[in-house]
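Take a look at the letters that make up each chain.
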Amino acid sequence: MSKLLIFIASRIVAFVLTVVIGVTVVFIIPRLLPYNPVEAQIGFIYSIGQFYDPTAIESLRQTLYELYGLKGNPVEQYLGVWRRLLTLDLGPSIMSFPTPVATLIGIALPWTLGLLTFSVLISWTLGNVIGTISGFFNHKKFSKLLTGVAVVLYPVPYFILALVLMFTFAFLIPIFPLGGGITIVGVGFSLDLVLNLAKHAALPAISIIIPGALGWWFLSSFTLTSQKKTEDFVRYAELKGLPNGVVLRRYLIRNILMPQTTALGLALGGIFSGALLTEVVYAYPGLGRLLYQAIINNDYNMIMGISLLSILGVSLATLLLDLLYPLIDPTVRYR
Amino acid sequence: MNRKTSYIAISTALVLVAALALSAVPVSYGQLPLPAGVPRGDVLVIENHWGTYANPNNWNPIASPGVGPASIAPGGSGYQQLCKAFLWYINTSNSMLIPWIAAEPPIYSPDFTSLVVKLRDGVYWNDGTPLTAEDVVFTLKYLKEAPAPIGVNEKASVKDARALDRLTVLIELVSPNPRWHYFYAVIIYGAGGILPKHVWQGKDPQKFENNPPMCAGPYNLRAVDPAGNWFLWERFDNWWGSKVFGVVPAAKYVLYINHGPDEAKALAMTKHELDALRTLLPEQAELVIKNNPYLKGWRASPPFAWPLDPCVKGIAFQTKTPPFDKREVRWALAYAIDYRTVYRAFVGIDRSTPTPAALPVIPHAADIETYYIPLLNYLKDHGYDPELVLDIARENNAWWVEKYPVLGWWKQDLAKAEQLLTAQGFRRGPDGKWLLPDGTPWTIEIKTTSGFEMESQRIAFLVADQWRAFGIDVKVTPLESGPFSTSYSIGDFQVGTFWPGCSQILDLYANWFNRWSSKYWVQKKGEGGHGTGWNTKEAPIPELDRIVDELERTAPDSPRAFELYREALKIWVRDLPWLGFFPTPFYTFQDGYAWENWPTFPENYYMDPVSWWSQHLFVILKVKPTGRAPTKDAIMDPKPLRVANTPLVKIASAAEWESLVGGPPPAVGVTTVTLRETVTQRVTELRTQVVTQVQTQTVTTVDWGVLSGVAAAVGIVLLVVGIVVGRALGRRRPAQ
Amino acid sequence: MTLIPRTGVDALKFLGIGLARFSNIFLEVFRTSRAFRVGLVIFAVMIVLGVAVSSFSPFDPRRWYLVPPNRPPSPEFPLGTTTNGQDVFWLLTWSIKNSLIIGLITAMVASHFGLILGMLAGARGGLADRILMIMTDSFVVIPSLPTLILLAVLLRDVMTIPLMGLIISIFSWPWPSRQVRAMVLSLREREFIATSIFSGYGVMGRVFRDYLPFILPWHLVNLTNTVLFAISSEAALAVIGVSILSEATLGVMIYWALNYSALFRGLWWWLISPVITIILIFVSLFLISKGISDYSNPRLRWQARG
């Protein structure tokens, strides 16, 4: 068997093992929590003052345990989870019983995909372009200014940035709506619909792009560039009298691209857990908001479903990156 | 991923670019989801307080308790206000019945084992099918036969149901129960509704999505946000109520919408993009009060907050766990609390004050007369001080100070607390901190809310502070709704800001009595009796069991029942299983910009201003356009709605019952309860009484100075830091 | 397996040398780098505020209603007071202390764990690499913020400040570990490593002698990032309400300020104080790491000396 095949096979084994470990962890943690969805629901019924027959409550409790798949010992439950996952059945959502988890994820997924694919790509590109250029010319004025701005912007808590943006652009200067995903009645593809979607996605996107592009991506590519710049091969190129543009394009970018592509791949894989805080602030109907609701309502099946999606997303991205490494960096061999 | 899915994804992503370009174009309205060309003035916008619905297409109201847009619990979608078919409503402000689809109160047999329900003639489903006794019988049987947890109440209580004629239903009960009809009477948060037989017959009760829902109300579902944040309802012009009551609601559309976190809701209210809202923390309310000159709350002018939410918030003890199993310890902890400080912390910026509630009974005027005043001396024996916060309340023009200056609380008495604890074997350690009788340090954990019901969290932190000052170590643990409800339900707590005593109506049995009786306790492995609420007790209270038993054979509004309610309250005070502070004030704002004739206290108080209750229908039927916002299809001067308020039950004599279920129904003589009438009379009196109010001038501008100051400050700081960093980086010159 | 003792000896040897050099390096960096000096001064101020000044607090600043609420900054209350009647200045000093503890614990535990694991995996290659990477990947793929929320809810009863730092560590090591491994993989293909292997250096030897100088700058940047990541993770947990709400941390301060709408009510001193503090901590750490990384990159140093 060729080395390449062995390499690919071993990566796939690693991928499978990773997913198994991930799912196991995600199975265990929610079940250790000091609450369970059935009792929470009973408590909720009491707390809203609904009139119930006192004897009916107990039978309600017993049935709910059964329906939610919470009967049986942990091993049985664990095997049950795998049986269901392998048949692609994520079970019913507990907080939206009896709607299947898959349906709810199907409703939320496109929102998150649309918002995050766009904002992650934009902020990656923007951040890396500015960061690399600033890193290359790291003694110029604009470079220092940008670094200063990035260093200040990066640590500002997400939530606060989002609130400030909302306050500014939805209230003081009401350009964008306060939140939500879409506010248009009637279906059918039209320019209005598209504009409406765009207006709602704009503020969440901006609050992801700003700290991403000007914060993390800028700083990391800036640091990388200013480091690489001092290495022999770059200095050699410079001494040869090559113009800056050529040095940057031919010598530096490839070297910076590698770690940054790894990071992009993982960031894209991470899309599947949604942008929790942003989606909560803007009432954006994506996976992050769904997951947050699932966590506070302890909807095991939903937590499992979204986590599984996210685990698959990131591990697939990792797998692809591993397989693609040698293509990006010719100095790495398959082994 | 199906086609629709990928289409949303792709278009969202693609057009974000366009959005960034768009940001230069200012947009004023058009933020609300309305059909093309609908002006703002045609729409009543109400807060969807539930948040984002995970599956906005499931309108099955029975599949699971507390779930989905159509469920009984969340009133955020508008289903229970606009669509659901209810037999009766209960008017929470006077505890009387409002027959709706039923023509009159239920008629019980003398032994309470059966009842007869008579329906109105001329009630139709919104597709024109008559709503008849067949539908009621179908609903009861359908629920009884459906797999649990659907219809647990019907399974436990209904023996049989049959139609006596087209509009009369006879329901036979498993055991005597004078309150059976509460299952189908809206108390606050919805109740069982009648299902249309022609829609539901043959459907799987769990899987049927009922989309769009078949309504028997003045609106039909027009559009739903695929993202689950909003629901748009359109007026149905052939509604049965328009013919029977002669009313047509003014608003062409009603929109239930979730704008996001509280900050977003407050901002929406100032922009007139929200007409009615559940509540805000006082601090957030401030923003709305300052910026919306048309604002109304419980009153037309400040103080705005509605002080009579049906749940008394406070601190509950786990009475099974030592040392909280001793009533002396609970009382000592009560005496260690400085109620004035807690009370003062809840005085709002608009001078809203809470209404003190030492008893687990909401102090409506009727409740004060029925419970607080008759029990006053008993309360005083236990350290109750009716004047404890009277001065604060009077300063702030609270609604009750003139007429009912009796609402106070247990006076702080550290000496007595000390003495009670010492008598139980507690003592103070060398550092002055309390030790348990076994000599170990005493640490109390208070479980409280996190992310919802934030007022309760504030109570927890305030009380923790005071107990610490008294020498007890206190730890506050905030919990999200899931773990919070669980720990309450299974009794896993020492002390928590739970609210076991919600009382919507004067009938205390319906509110929480039933769970007090030891016969309803659940036996758990290796533990004693265990239930929810007060019944975290190890030992039954025999006198209480007797009261509950007798109440289950007594009409809920008979004089005897009221005696028993008061007896039970005395036992409650003796044992003090939880400390009620007050119903936390709710800023149930109503925007007078586009709509008027909101219920405001006291001059126009026809209903509690609570937009998430089913009763809000009566508000929706009464509001009128102001003309400030452009209208097209709104009815400018709708006819007033008049509905009858009746006693809660009718009880037939043996002879009357015989003729009722035997032959054609004759006119039935009715036993009406006199006490109820007095109470009602007093409530009416209270409503007509004019409360002098100090008008607070509302400031109508955003505080631009502060805002631009903050913005400038942030900008300058960022700039300075940026420059410093830039210079610092720059000093290292490369030595080439 | 003779490898283990040899690896240990190598590690000790090079660690010793490293420690011996540390003080020299520190002095030299301090002398040559202005960024480092500025960063160090800001950081020192934070440490003094958090450790020394906070202990002079006249009362427990976490307690409510000890001072009049909603006061703007004044001589009596230098940073104003909160709606809960807390003195923002004293509260801030306590918060700085606790947040720094969280940040430093995470940085010490997570980034070093990740560094060592990543270098070992990269340098050893083969089966060890596979196993270590599967472990790392499993942690990379688990969605971190949601799991942190779950863990914070789960451990709430026993939650303390150091434990918070440890929990955040769980998700702070895998990512650097992967990055380090990638860098080592890339370095491994270069000639001098091959030379090193042929000269008989063990894995640890290669790691410390050959890889570390290249990875160190990145690691130090990562170290500062980890401190910040920990502080802002705690803030994110706090914003959702699952941090230790009765403690004083920067995140919890932000939580209460947001909870009482400080932003919209003009109580800017309450919200701005912790936010600016977080920014200052980050700026100082960034400058420090910048100074060190410029120095420790041998070529940059050479360049600097001319």
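Details of the structure are given in the entry above.
As for the overall build of chain B
Looking only at helices and strands, chain B features 23 helices and 27 strands. Split into buried and exposed, the 736 residues of chain B put 65% on the buried side. In chain B, once contacts between residues fewer than 6 apart in sequence are set aside, the share between residues at least 24 apart is 72%. Carbon together with sulfur atoms contributes 54% to the accessible area of chain B, which is approximately 24,600 Å² in total.

Topic: the sheet that holds strand S20 (residues 495–496) of chain B
Residue and element names in this part refer to chain B. Taken in spatial order, the five strands line up as S19-S18-S20-S13-S23 in an open sheet, and their pairing is mixed. Both outer strands of the open sheet, strand S19 (473–479) and strand S23 (578–582), are each paired with one neighbouring strand and no more. The pairing of strand S13 (residues 313–317) with S20 spans two bridges and is classified as antiparallel. When the bridges of S20 are listed, phenylalanine 317 appears paired with valine 495. Set on the sheet, helix H15 (residues 454–470) makes contact with S13, strand S18 (443–449), S19, S20 and S23; between it and S18 the angle comes to about 165 degrees.

Side note on the interface of chain C and chain A
With 50 residues of chain C at the contact, the number on the chain A side is 60 residues. Interface of chain C and chain A: buried area, both sides summed, is about 5,100 Å²; carbon and sulfur atoms make up 73% of it. One can count zero salt bridges joining chain C with chain A. Linking chain C to chain A there are zero residue pairs in polar contact (both at pLDDT 80 or more). For the side of chain C that touches chain A, the secondary structure elements donating two or more residues are helix H4 (126–141), helix H5 (144–154), helix H7 (174–188), helix H9 (203–240), helix H10 (250–259), helix H11 (262–265), helix H12 (268–296) and helix H13 (298–305) of chain C. Class assignment of the residues belonging to the side of chain C that touches chain A gives a composition of 34 nonpolar, eight polar and eight charged.

Focus on the packing of aromatic side chains
All names here are of chain B. Throughout the structure, instances matching the rule amount to 64 aromatic pairs over all chains. Relative to tryptophan 240, the ring of tryptophan 239 has its centre 5.7 Å away and its plane inclined at 55 degrees; by these criteria the two rings are tilted. Of the two residues, tryptophan 239 and tryptophan 240, neither departs from the other in class, the shared state being buried. An aromatic cluster of at least three residues, connected via ring pairs, comprises Phe86, Tyr89, Trp100, Trp239, Trp240, Phe245 and Phe618. Between the NZ or CZ atom of arginine 458 and the centre of the ring of phenylalanine 346, over which it lies, the distance is 5.8 Å.

Focus: the packing of helix H7 (residues 262–270) of chain B against helix H8 (residues 282–291) of chain B
Residues and elements named next belong to chain B. Interaxial distance between H7 and H8 falls to 9 Å at its minimum, and their mutual angle equals 10 degrees. Taken together, the axes of H7 and H8 are roughly parallel relative to one another. The segment H7 lies against H8, with Asp262, Glu263, Ala266, Leu267, Met269 and Thr270 engaging Gln284, Leu287, Val288 and Asn291. Looking at the contact of H7 with H8 residue by residue, the class counts come to five nonpolar, three polar and two charged.

A few points about the pattern of salt bridges
All names here are of chain B. Scanning the model with the defined rule gives 27 salt bridges over all chains in all. Ionic pairing is found between glutamate 234 and arginine 222, a salt bridge with its closest N-O pair at 3.5 Å. Here arginine 222 lies in strand S9 (residues 219–224) and glutamate 234 lies in strand S10 (residues 230–235), a separation of twelve residues in the sequence. By relative accessible area, glutamate 234 is classed as partly exposed at 22%.

Some details on the sheet that holds strand S1 (residues 43–47) of chain B
All names here are of chain B. In spatial order, the strands read S1-S11-S10-S9; together these four strands make up an open sheet with mixed pairing. The strands lining the two open edges of the sheet, one partner per strand, are S1 and S9. Between one strand axis and the next, the sheet turns by 25 degrees as a mean value, whatever way the strands run. Relative to strand S11 (residues 253–257), S1 runs parallel, the two being bridged by five bridges. Looking at S11, one finds that valine 45 is bridged to leucine 255.

Here's the deal with the nonpolar core
Most often, soluble globular proteins have nonpolar side chains that are buried together. All names here are of chain B. Residues Trp442, Trp467, Phe581 and Phe589 are the most contacted members of the largest nonpolar core, which totals 296 residues. Filtering out sequence-adjacent residues up to four positions away, phenylalanine 581 remains in contact with Val312, Lys313, Gly314, Ile315, Ile337, Tyr339, Val342, Pro356, Ala357, Trp409, Ile459 and Val463. In this structure, Ala85, Tyr182, Leu221 and Ile620 belong to the second largest nonpolar core, which totals 92 residues.

A closer look at the state of the cysteines
All names here are of chain B. Following the criterion strictly, the structure yields one disulfide over all chains and no others. Disulfide pairing is shown between cysteine 83 and cysteine 215; the S-S distance is 2.0 Å. Taking the torsion about the S-S bond as the criterion, the cysteine 83 to cysteine 215 disulfide, at about -95 degrees, is left-handed. Remark: cysteine 215 occurs in the loop between helix H5 (197–200) and S9 and cysteine 83 occurs in the loop between helix H2 (79–82) and strand S2 (88–91); sequence separation between them is 132 residues.

Considerations on the pairing of S10 of chain B
Side-chain positions along a regular strand alternate between the two faces of the sheet. Residue and element names in this part refer to chain B. The element S10 is extensively covered by neighbouring structure, given that five of its six residues are classed as buried. With five bridges connecting them, S9 and S10 associate as antiparallel partners. Paired with alanine 223 across the bridge in S10 is leucine 232. From the end of S9 to the start of S10, which pair antiparallel, there are five residues, and glycine 228 there has a positive phi angle of about 80 degrees. Examined bridge by bridge, S10 and S11 share five bridges and lie antiparallel to one another. Along S11, the bridge assignment pairs tryptophan 233 with valine 254.

Considering helix H12 (residues 287–296) of chain A
One turn of the α-helix equals 3.6 residues, which is why residues spaced by three or four share an orientation. Residue and element names in this part refer to chain A. Counting buried positions over the ten residues of H12 gives ten, a clear majority of the element. Buried residues of H12: Leu287, Gly288, Arg289, Leu290, Leu291, Tyr292, Gln293, Ala294, Ile295 and Ile296, and no others. Within two residues after H12, asparagine 298 carries a phi angle of roughly 50 degrees, on the positive side.

Thoughts on the side chain of threonine 449 of chain B
Residues and elements named next belong to chain B. Along the polypeptide, threonine 449 turns up in strand S18. Exposure remark for threonine 449: the relative accessible area of 0% places this residue in the buried category. Discounting residues that sit within four places of it in the chain, threonine 449 has contacts with Met454, Ser456, Gln457, Pro478, Leu479, Phe484, Thr497 and Trp499.

Quick notes on the environment of isoleucine 289 of chain B
Topologically, isoleucine 289 of chain B is positioned in helix H8. Along the backbone, isoleucine 289 of chain B and serine 77 of chain B are 212 residues apart, and their C-alpha atoms lie at a distance of 26 Å.

A short note on a nonpolar patch on the surface
Residues and elements named next belong to chain A. On the surface, Ile12, Val16 and Val20 cluster together to form a nonpolar patch covering roughly 210 Å² of accessible area. You can see isoleucine 12 is positioned in helix H1 (residues 3–32). The exposure class of isoleucine 12 is partly exposed, given its relative accessible area of 40%.

Things to note about the pairing of strand S5 (residues 114–118) of chain B
Residue and element names in this part refer to chain B. Counted residue by residue, S5 has five buried out of five residues, so it is predominantly covered. Along S5, one buried face is formed by Ser114, Val116 and Lys118 and the opposite face, lined by Leu115 and Val117, is buried too. Taken together, the two bridges between strand S4 (residues 107–108) and S5 define a ladder with antiparallel strand orientation. When the bridges of S5 are listed, isoleucine 107 appears paired with valine 116. From the end of S4 to the start of S5, which pair antiparallel, there are five residues, and phenylalanine 112 there has a positive phi angle of about 60 degrees. Pairing geometry for S5 and strand S7 (residues 168–173), over five bridges, is antiparallel. Note on S7: the bridge partner recorded for valine 117 is valine 169.

Definitions and limits used
- Residues numbered from 1 in each chain as written.
- Chains lettered and ligands numbered in written order.
- Predicted model: local features only at pLDDT ≥ 70, side-chain atom pairs only at ≥ 80, totals over all residues.
- Heavy atoms only, no water.
- Helix = DSSP H or I, 4+ residues; strand = E, 2+ residues; numbered from the N terminus.
- Buried < 20%, exposed > 50% of the residue type's maximum accessible area, 1.4 Å probe, protein only.
- Contact = heavy atoms within 4.5 Å.
- Areas by Shrake-Rupley, 256 points an atom, 1.4 Å probe, with all protein chains shown as cover.
- Pairing = 2+ DSSP bridges.
- Axes fitted to C-alpha atoms, helices over the stretch in contact; angles between N-to-C directions.
- Buried area = accessible area lost by both parts, 1.4 Å probe.
- Salt bridge = Lys/Arg side-chain N within 4 Å of Asp/Glu carboxyl O.
- Polar contact = N/O pair within 3.5 Å; in protein donor to acceptor, adjacent residues only side chain to side chain.
- Nonpolar A, V, L, I, M, F, W, Y, C, P; charged D, E, K, R; others polar.
- Phe/Tyr/Trp six-rings, centres within 6.5 Å; stacked < 30°, edge-to-face > 60°.
- Lys NZ or Arg CZ within 6 Å of the ring centre and 35° of its normal.
- Parallel < 35°, antiparallel > 145°, perpendicular 65-115°, else oblique.
- Core = buried A, V, L, I, M, F, W, Y, C linked by side-chain atoms within 4.5 Å.
- Disulfide = S-S within 2.5 Å.
- Patch = residues over 30% accessible without salt bridge, like charges linked within 9 Å, V, L, I, M, F, W, Y side chains within 5 Å.

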